[in-house]
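# Structural overview for review
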Amino acid sequence: MSETLKERLRAKLTRQLAEDGPPDPEQEDTRQVSVQDDLDLVNAVADDDPVLEELASRYLVP
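Residues numbered from 1 in each chain as written. Predicted model: local features only at pLDDT ≥ 70, side-chain atom pairs only at ≥ 80, totals over all residues. Heavy atoms only, no water.

## Examining a negative patch on the surface
Short version of the rule: Every patch collects residues that have over 30% relative accessible area and no salt bridge, joining them within 9 Å if they carry like charges and within 5 Å if they are nonpolar side chains (Val, Leu, Ile, Met, Phe, Trp, Tyr). Only the protein chains shown count as cover for residues, with accessible areas throughout obtained via the Shrake-Rupley method and a probe of 1.4 Å. By definition, a salt bridge exists where a carboxyl oxygen of Asp or Glu is found within 4 Å of a side-chain nitrogen of Lys or Arg. Note on charges: Lys and Arg go in the positive column, Asp and Glu in the negative column, and His and the chain ends are not counted at all. Where a charge lies is defined by one atom per residue type, namely NZ (Lys), CZ (Arg), CG (Asp) and CD (Glu). Secondary structure is summarised from DSSP: a helix means a run of H or I of at least four residues, a strand means a run of E of at least two, and numbering begins at the N terminus for each.
Together, Asp24, Glu26, Glu28 and Asp29 make up a negatively charged patch on the protein surface. Mapped onto the elements of the fold, Glu28 is located in the loop between helix 1 (5-20) and helix 2 (30-44).

## Brief notes about helix 1
How we decide: Multiplying 1.5 Å by the helix residue count minus one yields the expected span of that helix. Type-normalised accessible area, obtained with a 1.4 Å probe on protein chains alone, sets the label of each residue: buried when under 20%, exposed when over 50%, and partly exposed for intermediate values. It is the directions from the helix axis to the C-beta atoms that the arc portrays. Contact definition: two residues touch when any of their heavy atoms are within 4.5 Å.
The first and last C-alpha atoms of helix 1 sit 23 Å apart over 16 residues, in line with the 22 Å expected at 1.5 Å per residue. Those residues of helix 1 that fall on the buried side of the exposure criterion are Lys6, Leu9, Leu13, Gln16 and Leu17. Down the axis of helix 1, the buried set is contained in an arc of 100°. They therefore lie on one face. Exposed residues lying more than 90 degrees from the buried face of helix 1 are Ala18 and Glu19. Those residues of helix 1 that are buried lie in contact with helix 2 and helix 3 (51-59). Trailing helix 1 by a residue or two, Gly21 shows a phi angle of about 80°, which is positive.

And the structure:
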């Protein structure tokens, strides 16, 4: 059984945040915030939402 695009994006973004480690409370990392926002978006949309294709072009290697 293959993963859906949504599942692949969720795994990639979660892995990226874990590899970055905990955020520094004294300095906001805008990239980490952006990745977290995108992960929140992935979790909020339906499996067939076009925004997933947009995010996939940004985060997943073709």
